[in-house]
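# Coordinate analysis (summary)
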Amino acid sequence: MMELTGLTRRFDGVPAVSDVTLTVRDDEYLTLLGPSGAGKSTLLRLIAGLERPDSGSIRLNGEDITHRPTHTRGLGFVQQSYALFPHISVFDNVAFGLRNRLVDPVTDETGVKRRVDAMLELVGLSDLGQRMPGQLSGGQKQRVSLARTLVTEPKICLLDEPLGALDANLRERMTVELRRIREALGVTFMHVTGNEAEALAMGDRMIVLDRGRAVMIDAPDTVYARPATVAVAKFLNAYNVLDGKAEIGGFRHGDVLLPLPEGAARAAHYAVRYDLASIEPAGGAPAPGRAAMPAAFIAREFLGSRVVYFLHRPDGGVFEVERHLSRSDPVDHPKDAALTVTWAVDDVLAFDASGRLIETRRLKGAA
Amino acid sequence: MDATAAASPSAYAAPAPRESFWRRNRHYLLLAPGVIWMTLFLIAPLAMMVYVSFWTQTTFAISPTLTTRSWEMFLSSQTYLDALLRTLRLWLTVLALTFVIGYPTALFIGQFVRNKTTQTVLLVACVIPFWTSFLIRVIAWRPMLGREGAINIVLMRLGLIDEPIAVLLFTELSVIIGMVQIYVVFMVGPVAFMLSRIDESLIEASRDLGASAWTIFRRVIFPLSLPGVVVGAIFVSVMVLGEFATASALSGRQVNLLGNIIVTQVGSLRWALAAVVGVVLTGVMVVVIAALLSLVNLRREL
């Protein structure tokens, strides 16, 4: 178990990581999501000891490791660039930590060979031990880098955008592989990514970082269904966020007045998930319990199993509606067609002026 | 326009006419200036040197009658063989010293100075001595190292020595001091270049895998800088093996290297013997360079 308390790191006075407090459990897959510049990599480098925190502490299994040098922390760090040693073979790369670590090196070569071979097999590279890193593909390099770290049996394995440099196909395969490898070894993975789909799919829990702060730490389905702040909702790329002000009788967004769920009288942001909105012909009155807003059709994007429709809101912004094809066939609209977008008022998430999610009655009931 | 567009598909469908020999090979013309220059001014003179080494030398004249007399004279003369050994000894000493002094300097510039501009400034600072002429640099050592030179004066004033140190000038030591000072920069440059190319993430990865600073140097940094060491060693070796000016200026003609013998022999018009020494020197360099290159696969590393 690792506990971070009030961890802060500034670069030239600008905080890259500020006051991060969180607990990493044993044997879990933790994803760390944030836009670029949110401080994800800095946080990993602080944990690995490659950066020094300005304040705060890191405790690993009850022991304070805040000021321990990297090579005695017993943590593994898989770099985004893989950082394979170009002058030695894949086998020697993987064996590097076992042979050369200061703490408890493995001096018996048969022991090294047994462990390296077992690890190469786990990552599916048994045949490539004698290759040089320059002769490997991106996906293979990624696995060697992972194997090199995992063979040293780190207490926690930190992965910095491990899938970032891979193409989409390979990324999907490695997603499954990473989970399989982690489960086989029972080691905690802390996986940094800028891709919300990856973070949602892979994590047992996920941390959302925004401007150096951990704004939400929860299970992916909770993060997706009830983002703690409006920034999280925006970053998930799944919510239409409308700005405005709560008034008597609803939420004022430009010229339209939208009904608010009960208990959301302080709302300053109004969010509707793409897949919970639907498109209806213009003019009709909304069904009871539903909100409606006029919108003009722009285009639709076919994504295989689902279709995303893009519409102009009255204030000029874009409103997205996502329909799964198992539920409805794609509908064609002429460009600039006047339509109405509607959604159930109960599905609306309201955020207050400071960006925090307002606990409406439905949400309380669900929790 | 339409006509050409319609015609072109059929033109492509027909088997493409084989490109003429001239068209296929004309890029080799790019080599012509270099090849011509090197043939005229390197290959031909080298061949000539080997040839002349077998000519017959009399006191005042040389004739193209082939003989091995000059070779026999070289190989049986203790003076010449001593010069060969001295050259090799001096070369190894200077090479070792340029490495011992140059590598840490390069390590500092290449690894610990992370700012590219500062790196460049420091490397340029290394070549400042080259802003004056070679001869001045060499001769300037005399007032430094001599019996009444700066070093002896300072040491005596400080009371560290009672007698001036005599071995500082006109000895092999002074030649070594002079050469190391001149050539160390040729070691620093290539090594610093290789070191600055090492990706910081490799060092971070090694630290993360548990290696101490010394292990990282031994297992990662040094092996990755080895091509730079080899290139630097080749520069230093080629220049030191062919040296004569430093030796004659700083040794008072007491330390004769192969280069000095060539100068002397040419000065007294004994071309055949000079050619023999030239061939021996070239042979030594070929062996040295081949040995250095075998240490590392430059083609893979650079």
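These numbers were taken from a predicted model, which means no experiment stands behind them.

Counting its secondary structure elements, chain B contains 16 helices and two strands. Dimensions of chain B along its principal axes, counting C-alpha atoms only, are 100 × 70 × 35 Å. Split into buried and exposed, the 302 residues of chain B put 38% on the buried side. Contacts in chain B between residues at least 24 apart in sequence constitute 70% of all its contacts with a sequence separation of at least 6. Element-wise, carbon and sulfur atoms account for 72% of the exposed surface of chain B, whose accessible area totals about 17,400 Å². Both charge centroids of chain B, one from 21 positive and one from 14 negative side chains, sit 6 Å from each other.

Regarding its fold elements, chain A presents nine helices and 21 strands. Overall, chain A is about 80 × 45 × 40 Å in size when its C-alpha atoms are taken along their principal axes. In chain A, buried positions account for 52% of the 367 residues. Taking the intrachain contacts of chain A between residues at least 6 apart in sequence as the baseline, contacts between residues at least 24 apart amount to 63%. Accessible surface, chain A: about 16,200 Å² in total, of which carbon and sulfur atoms supply 50%. Computed over 44 positive and 47 negative side-chain charges, the separation of the two mean positions in chain A equals 2 Å.

All names here are of chain A. One open sheet accounts for three strands, arranged S12-S13-S14; its pairing is antiparallel. Either end of the sheet is taken by a strand with one partner, and the two such strands are strand S12 (245-247) and strand S14 (256-258). On average, each strand axis in the sheet is tilted by 40° relative to the strand beside it, whichever way the strands run.

Here we take up the interface of chain A and chain B. Contacts between chain A and chain B engage 25 residues on the former and 17 residues on the latter. It is His 87, Phe 96 and Asn 100 of chain A in chain A that bury the most area against chain B; as a group they hold 29% of the surface buried on that side. Viewed at the interface, chain B and chain A are joined by one salt bridge. Our count for the contact surface shared by chain A and chain B stands at eight residue pairs in polar contact (both at pLDDT 80 or more). Counting residues per element, the ones that place at least two in the side of chain A that touches chain B are helix H1 (40-48), strand S6 (76-78), helix H2 (90-100) and helix H4 (138-150) of chain A. The element contributing the most residues to the side of chain A that touches chain B is H2 of chain A, with three residues. Looking at the side of chain A that touches chain B residue by residue, the class counts come to 11 nonpolar, 11 polar and three charged.

On to the confidence of the model for chain B. Summarising the model, chain B shows a mean pLDDT of 88, and 92% of its residues fall at 70 or more. Low pLDDT (under 50) marks residues 1-11 of chain B, which in the prediction has zero contacts with non-local residues, meaning those over four places away or in another chain.

This paragraph deals with the sheet that holds strand S4 (residues 55-60) of chain A. The pairing of strands in a sheet happens through backbone hydrogen bonds and is either parallel or antiparallel. All names here are of chain A. What the four strands build is an open sheet, ordered S2-S1-S4-S5; its pairing is antiparallel. Each end of this open sheet is capped by a strand with a single partner; those strands are strand S2 (14-24) and strand S5 (63-64). Two elements, S4 and S5, share two bridges in a ladder whose sense is antiparallel. What sits directly across from Arg 59, in S5, is Asp 64. H1 contacts strand S1 (2-11), S2 and S4 of the sheet and is inclined by roughly 120° relative to S1.

Tallied over the full model, the rule gives 19 aromatic pairs over all chains. An angle of 40° between the planes, with centres 6.2 Å apart, marks the rings of Tyr 183 of chain B and Phe 186 of chain B as tilted. Here Phe 186 of chain B and Tyr 183 of chain B lie together in helix H10 (residues 172-196), a separation of three residues that amounts to about one turn. Since its relative accessible area comes to 6%, Tyr 183 of chain B is described here as buried. Each ring, one from Phe 186 of chain B and one from Phe 235 of chain B, has its centre 6.4 Å from the other, and the planes form 80°; the classification is edge-to-face. Of this pair, Phe 186 of chain B sits in helix H10 while Phe 235 of chain B sits in helix H12 (residues 213-241), and the two are 49 residues apart along the sequence. Note on Phe 186 of chain B: relative accessible area 24%, which makes it partly exposed. Three or more aromatic residues link up through ring pairs in this structure, and these residues are Phe 99, Tyr 103, Trp 214, Phe 217 and Phe 222 of chain B. Above the ring of Phe 85 of chain A, the side-chain terminus of Arg 148 of chain A is found at 4.8 Å from the ring centroid. Over the face of the ring belonging to Phe 130 of chain B we find Arg 137 of chain B, whose NZ or CZ atom lies 4.5 Å from the ring centre.

Let us look at the pairing of strand S15 (residues 269-273) of chain A. All names here are of chain A. By the criterion of burial, S15 is predominantly enclosed, with five of the five residues buried. Of the two faces of S15, the one lined by His 269, Ala 271 and Arg 273 and the one lined by Tyr 270 and Val 272 are each fully buried. Two elements, strand S11 (residues 239-243) and S15, share five bridges in a ladder whose sense is antiparallel. Of the residues in S15, the one forming a bridge with Asn 240 is Val 272.

If you look at the biggest cluster of nonpolar residues, it comprises 69 residues, and the most contacted ones within it are Phe 74, Tyr 103, Met 179, Leu 195, Ile 221, Leu 258 and Val 280 of chain B. If we ignore the near neighbours within four places in the chain, the residues touching Phe 74 of chain B are Tyr 80, Leu 81, Leu 258, Leu 273, Val 276, Val 277 and Val 280 of chain B.

Residue and element names in this part refer to chain A. As assigned here, chain A comprises domain 1 (2-225) and domain 2 (230-366). Using only C-alpha atoms to locate each centre, domain 1 and domain 2 end up separated by 38 Å. Residue-level contacts link 13 residues of domain 1 with 10 residues of domain 2. Together domain 1 and domain 2 conceal approximately 910 Å² of surface at their shared face, both sides included; 71% is due to carbon and sulfur atoms. It is Glu 196, Tyr 224 and Ala 225 that lose the most area in domain 1 upon contact with domain 2, and together they represent 53% of the buried surface on that side. Our count for the contact surface shared by domain 1 and domain 2 stands at zero salt bridges. Contributions of two or more residues to the side of domain 1 that touches domain 2 are made by helix H6 (196-202), strand S9 (205-210), strand S10 (213-218) and helix H7 (220-225).

So, about the packing of helix H14 (residues 258-267) of chain B against helix H15 (residues 271-294) of chain B. All names here are of chain B. H15 packs onto H14 with a crossing angle of 160° between their chain directions and a minimal axis gap of 8 Å. Classed by the angle they form, the pair H14 and H15 counts as roughly antiparallel. Judged by the sense of rotation from one axis to the other, the crossing of H14 with H15 is left-handed. Residues Leu 258, Ile 261, Ile 262, Gln 265 and Val 266 of H14 touch H15, and the partners they reach there are Trp 271, Leu 273, Ala 274, Val 277, Gly 278, Val 280 and Leu 281. For the contact of H14 with H15, the residue count by class is 10 nonpolar, two polar and no charged.

Here we take up the environment of Val 94 of chain B. All names here are of chain B. Along the chain, Val 94 turns up in helix H5 (residues 78-112). With 86 residues separating them along the chain, Val 94 and Val 180 place their C-alpha atoms 5.7 Å apart. In this view, Val 94 contacts Ile 176, Met 179, Val 180, Val 236 and Val 240; residues no more than four positions away in its chain are not counted.

This brings us to the side chain of Thr 229 of chain A. Among the structural elements, Thr 229 of chain A can be located in the loop between H7 and helix H8 (230-236). Setting aside its immediate chain neighbours within four residues, Thr 229 of chain A contacts Val 215, Phe 351 and Gly 355 of chain A.

Each value, and the rule that gives it
- Residues numbered from 1 in each chain as written.
- Chains lettered and ligands numbered in written order.
- Predicted model: local features only at pLDDT ≥ 70, side-chain atom pairs only at ≥ 80, totals over all residues.
- Heavy atoms only, no water.
- Helix = DSSP H or I, 4+ residues; strand = E, 2+ residues; numbered from the N terminus.
- Buried < 20%, exposed > 50% of the residue type's maximum accessible area, 1.4 Å probe, protein only.
- Contact = heavy atoms within 4.5 Å.
- Areas by Shrake-Rupley, 256 points an atom, 1.4 Å probe, with all protein chains shown as cover.
- Lys, Arg positive; Asp, Glu negative; His and termini not counted.
- Charge placed at Lys NZ, Arg CZ, Asp CG, Glu CD.
- Pairing = 2+ DSSP bridges.
- Axes fitted to C-alpha atoms, helices over the stretch in contact; angles between N-to-C directions.
- Buried area = accessible area lost by both parts, 1.4 Å probe.
- Salt bridge = Lys/Arg side-chain N within 4 Å of Asp/Glu carboxyl O.
- Polar contact = N/O pair within 3.5 Å; in protein donor to acceptor, adjacent residues only side chain to side chain.
- Nonpolar A, V, L, I, M, F, W, Y, C, P; charged D, E, K, R; others polar.
- pLDDT = per-residue confidence, 0-100.
- Phe/Tyr/Trp six-rings, centres within 6.5 Å; stacked < 30°, edge-to-face > 60°.
- Lys NZ or Arg CZ within 6 Å of the ring centre and 35° of its normal.
- Core = buried A, V, L, I, M, F, W, Y, C linked by side-chain atoms within 4.5 Å.
- Domains from an automatic or database assignment.
- Parallel < 35°, antiparallel > 145°, perpendicular 65-115°, else oblique.
- Left-handed = near helix turned anticlockwise from the far one by under 90°.

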